[in-house]
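Spelled out from the first residue to the last, the chains are:
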Amino acid sequence: MENSVKTDDLIEQFIDGSIIKAMHELLKTSDIKNVTESAIEVAKAFNADETFKAVLQGDKLAEQKLLNSFHKNLQLLVQKTWVEQSDVELKDQVLFCLEQLCKDFTARPYTESYDPFFAMLNDAVYLMFGIQTQNPEFSEYALRIDPEFGIFWWYINSLPHKVEWDNDKCRITLLLGMYFLANY
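Residues numbered from 1 in each chain as written. Predicted model: local features only at pLDDT ≥ 70, side-chain atom pairs only at ≥ 80, totals over all residues. Heavy atoms only, no water.

Draft legend 1. Region of the structure containing helix α7 (residues 110-129). Helix length check: α7, at 20 residues, gives a terminal C-alpha distance of 27 Å against a target of 28 Å (1.5 Å per residue), a fit within 8%. Every buried residue of α7 is listed here: Tyr110, Ser113, Tyr114, Phe117, Phe118, Met120, Leu121, Ala124, Val125 and Leu127. One or two steps after α7, the chain reaches glycine 130, where phi turns positive at roughly 75 degrees. (Helix = DSSP H or I, 4+ residues; strand = E, 2+ residues; numbered from the N terminus. Expected span 1.5 Å × (residues − 1). Buried < 20%, exposed > 50% of the residue type's maximum accessible area, 1.4 Å probe, protein only.)

Printed below as a string of structure tokens:
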């Protein structure tokens, strides 16, 4: 909890306190209306527009467009990242996992994609930033060198990476992370 307080103090230098409060609400509530409202508030940190609100409210076409943009943009980020020879296999694994996850998002419940999403995402961020991601100070480093990415990383690290949430809450939290990556 102390680390969470330190992180909240740091992130307040970059985002409004109402977003931090909404993040805490998002994590603790199971009421889908509150989850949605909290996610819409947190999405402000990613400069989300009305399109994201439509996705959360069930617009299937907007959701598919978001998934496609997420897929293409993360694929491009990983492909364009230069890696050491020792990480080429990991890069190929990330690209394979990304393909599989994007197929799975449309074919099965989000609850089944939640854990694999974080594993793939952690590997992708490792490829982009290297061994620095293993440093406990990486969150602060990310905020300082690229505040937009640092805010995203705060969001990702605020989420538990293993959950027993219902499909709707998993869907919303994953789509919010995907929204950032689709537009990064």
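Moving on from the coordinates now.
Draft legend 2. Region of interest: the packing of aromatic side chains. With the rule as written, the count across this model stands at 19 aromatic pairs. Seen in terms of ring centroids, phenylalanine 138 and tryptophan 153 are 5.8 Å apart; in terms of plane orientation they differ by 80 degrees. Their pairing is edge-to-face. Here the residue phenylalanine 138 occupies a position in helix α8 (residues 138-145), and tryptophan 153 occupies one in helix α9 (residues 147-158), the gap between them amounting to 15 residues. Take phenylalanine 138 and tryptophan 153: they sit in the same class, and that class is buried. Between the aromatic rings of phenylalanine 149 and phenylalanine 152, the centroid separation amounts to 5.7 Å while the plane-to-plane angle is 55 degrees, which identifies the pairing as tilted. (Phe/Tyr/Trp six-rings, centres within 6.5 Å; stacked < 30°, edge-to-face > 60°.)

Draft legend 3. Representation of the nonpolar core. Grouped together as the largest cluster of nonpolar side chains are 62 residues, with contacts concentrated most on Phe70, Phe117 and Tyr155. No other element matches the 10 residues that helix α10 (residues 167-183) contributes to this core. In this structure, phenylalanine 70 is in contact with Leu98, Cys102, Phe105, Phe117, Met120, Met178, Leu181 and Ala182, ignoring residues within four places of it in sequence. (Core = buried A, V, L, I, M, F, W, Y, C linked by side-chain atoms within 4.5 Å. Contact = heavy atoms within 4.5 Å.)

Draft legend 4. Focus on the pattern of salt bridges. Considering all chains together, one arrives at 8 salt bridges under this definition. With a shortest N-O distance of 3.7 Å, glutamate 140 and arginine 144 are connected by a salt bridge. Linking glutamate 140 with arginine 144, this pair stays in helix α8, spanning 4 residues, or about one helical turn. Classification of glutamate 140 by relative accessible area gives partly exposed; the value is 30%. Arginine 144 gets classed as partly exposed once you look at its relative accessible area, which sits at 45%. (Salt bridge = Lys/Arg side-chain N within 4 Å of Asp/Glu carboxyl O.)

Draft legend 5. Highlighting unusual backbone geometry. The backbone of asparagine 47 sits at a positive phi, close to 55 degrees, despite the residue not being glycine. You can see asparagine 47 is positioned in the loop between α3 (32-43) and α4 (50-56). Accessibility expressed as a relative area gives 59% for asparagine 47, which makes it exposed.

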